[in-house]
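# Results of the structural survey
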Amino acid sequence: MSPRSILLFFTLLLYGLTASAQYTDKINSNRPGTSQGAFSVGNNVLQLEGGFGFGKEKHEILDTKSNIFRFDYSARYGLLIEQLEIRLNGTYRSDGITQTVGANRQKINQSNFEINTIGAKYLIYDPYKPKPGKKDTVPANYDSLKSWKERYRFKWKTLIPAVSAYAGANFVAKDNPFTFPGDASISPRFVVATQNNWTTTYGGDWAFVTNLIVDKITTESPTIGWILTATHTVNNKWAGFIEFQGQKSDFYSDNLLRLGGAYLFDQDLQFDANIAFNFKDTPSVFTCSFGASYRFDWHNKDEIIEQPGLEKGVKEDESEKDEEGEDEEGEDGDLDEIEGTENDSLKLDRTPFINDFEDDSFREAIEKDLDERRTEERLERERIENEKIAKKEGKKLRKEEARRLKREAKAAREAEKAAIKAEKEKQKMIDDIDAELDKMEQEQGVDDELDDIEKQLQELEKMEKEFDEEEKKEQKEEVKPKKPEKEEVEDDIDVDAEYEKYQREQEKARKEEEKRRKKEEKRRQKEEKKRKKEEEKNKKDENNDDPEE
């Protein structure tokens, strides 16, 4: 049922639509239906709603019959403000299923929570709230003064509903027989609720509630649902309702119709009953439910839900003006008109306290004197007002100038601090680079190695010179003419001497080649060291250039 249907039917019947907050003197229950209205229970109000039901389900295709027992529960609490309500609701269900397997009939019992949800509802728009701060000037018998047509004509603005939004989460236990396999243990639930209230001078009061539901959208089988509830108040104690509920999903789809009523025992306790059935046989459903709602009322202050633009009510000047009425206008109207005119002269109107029989010169003198005095007073008022304005403007300019100077001084200090910090960081970076380079030079010993290479090259050059000198000496010795005695005995060449000479030549060539290789290797190492040193030096120069930029 419309969450507000019951609430509204009591509120509308007994108090109409003039409440300044969502709290009502009579309990506001969502039972006996399943929809929820747009309004909350009221700030600092705890309301418990519950009931039990019995029914049967029959599935023609599966050839099963089920006896159903279900317990519905709900706890609602108005939190912090009139528009906000937190809600815990759910249904515990137990089924006894009888099915036919061949020639045997089996009975299966299963039970679990069919629904278990916690969430919050917030009133987004309320077209029924009064305009705060405005005095009610409508007489008590205003409706009786209207014509029959005026009293019973349809008002289009009543089609504008109150709107609220609900967001919550479903909690499902594992291996739940009433949900689809693989259902998530936690899933979201969203509801948009609208509510229309109609009060008529005949036929009682009506409330119409609509719920649009999006459930379990993060699961493999999301559900789309809708609920339409109409509630009618019969008298101060009784109300009836009719409700149509539909849902569609891959797991289960159905359409249910509910009929029932509620009885108000006192302002905090309500009893209800309803029946529900559907229009298909896979399965067919029929249930009867009975329940009650009880309110713990700790509400001690009605809060006005302000209309945008009227948060502070009507100005005192306007309210005082309405209360003063026409009497003040009659007493001071003429004087206000005279003082409000732009022309200082009183010649436009005859001075009321000068008799008609007095001559014009006397009148003119008095009028002239009044004109002068009033002109002086007006100029004095203008001067004082201008001085006040100038003083105020000067004070404002001084404050602005002081703020500007303060901002500039602060900006200058910050800039100076930033420059000092940048300089320190730059110097620190340079020192770090120098220290790193020194460390690298010390670790690698570049300078010492270069000196050693230089010495080795010098030694090699010296050895080459000595070797060249020895070669020249040997060549000279070979060039010298041989003694005639040896020429005579050329045919008797000593083989051993020739072989020794050949070995000496080979050894000499080998030593020359080895010296040459050593020289090339030393030269290459020296060039490599020089190249590395130049690269480190260039890198150091580049690092020194970057902080300056």
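Residues numbered from 1 in each chain as written. Predicted model: local features only at pLDDT ≥ 70, side-chain atom pairs only at ≥ 80, totals over all residues. Heavy atoms only, no water.

For the rest of this paragraph, the subject is the sheet that holds strand 7 (residues 205-215). Strand-to-strand pairing in sheets goes through backbone hydrogen bonds, with the strands running parallel or antiparallel. Spatial strand order, 1-2-3-4-5-6-7-8-9-10-11-12: 12 strands in a closed barrel with antiparallel pairing. Each adjacent strand pair in this sheet contributes to an overall mean axis angle of 20 degrees, direction not counted. (Pairing = 2+ DSSP bridges. Helix = DSSP H or I, 4+ residues; strand = E, 2+ residues; numbered from the N terminus. Axes fitted to C-alpha atoms, helices over the stretch in contact; angles between N-to-C directions.)

Time to look at the packing of aromatic side chains. Tallied over the entire structure, the rule returns 11 aromatic pairs. Where Phe52 meets Phe54, the ring centres are 5.8 Å apart and the plane angle is 75 degrees; that geometry is what we call edge-to-face. Owing to a relative accessible area of 45%, Phe54 belongs among the partly exposed residues under this scheme. Seen in terms of ring centroids, Phe71 and Tyr73 are 6.3 Å apart; in terms of plane orientation they differ by 20 degrees. Their pairing is stacked. Given a relative accessible area of 38%, Phe71 falls into the partly exposed group. Taken together through their ring pairs, the aromatic side chains of Phe52, Phe54, Phe69 and Phe290 make up a single cluster. (Phe/Tyr/Trp six-rings, centres within 6.5 Å; stacked < 30°, edge-to-face > 60°. Buried < 20%, exposed > 50% of the residue type's maximum accessible area, 1.4 Å probe, protein only.)

For the rest of this paragraph, the subject is the pairing of strand 5 (residues 162-171). Both faces of the sheet carry side chains from a regular strand, because those side chains alternate between them. Where strand 4 (residues 104-125) lies against strand 5, 8 bridges are found, and the strand directions are antiparallel. When the sheet's bridge partners are listed, Gly119 is paired in strand 5 with Gly168. Of the pairings in the sheet, the one linking strand 5 to strand 6 (residues 186-199) comprises 10 bridges and is antiparallel in character. Paired with Phe171 across the strands is Ile186, a residue of strand 6.

This part takes up the nonpolar core. Listed in full, the 5 residues of the largest apolar core are Ala38, Phe39, Leu123, Tyr128 and Ala162. Dropping the residues within four chain positions of it, Ala162 is found in contact with Ala38, Phe39, Leu123, Tyr125, Asp126, Pro127, Tyr128, Ala193, Thr194 and Gln195. (Core = buried A, V, L, I, M, F, W, Y, C linked by side-chain atoms within 4.5 Å. Contact = heavy atoms within 4.5 Å.)

Summarising the sheet, strand 8 (residues 223-233) and strand 9 (residues 238-248) pair through 10 bridges and their orientation is antiparallel. Among the inter-strand pairings, His232 is bridged to a residue of strand 9, identified as Gly240. Linking strand 8 to strand 9, which pair antiparallel, is a turn of 4 residues. Linking two consecutive strands that pair antiparallel, namely strand 9 and strand 10 (residues 254-266), is a turn of 5 residues.

Turning our eyes to something else, we now look at the confidence of the model for the chain. On average, the chain scores 77 in pLDDT, and the residues at 70 or more come to 73%. Across the chain, the secondary-structure element scoring lowest on mean pLDDT is helix 1 (residues 3-15), at 40, and the one scoring highest is strand 5, at 95. Low pLDDT, under 50, characterises residues 1-21; the stretch is placed with 103 contacts to residues that sit more than four places away or in other chains. Contacts for the low-pLDDT stretch residues 304-358, under 50 throughout, to residues beyond four places or in other chains number 42 contacts. (pLDDT = per-residue confidence, 0-100.)

Put simply, Arg31 and Pro32 share a cis peptide bond, and its omega is 5 degrees. On the secondary structure map, Pro32 appears in the loop between helix 1 and strand 1 (45-59). With an omega dihedral of 0 degrees, the bond running from Thr282 to Pro283 counts as a cis peptide bond. Positive phi, close to 55 degrees, is recorded for Asp175, a residue that is not glycine. Along the chain, Asp175 falls in the loop between strand 5 and strand 6. Of the residues examined, Asp175 reaches a relative accessible area of 76% and is grouped as exposed.

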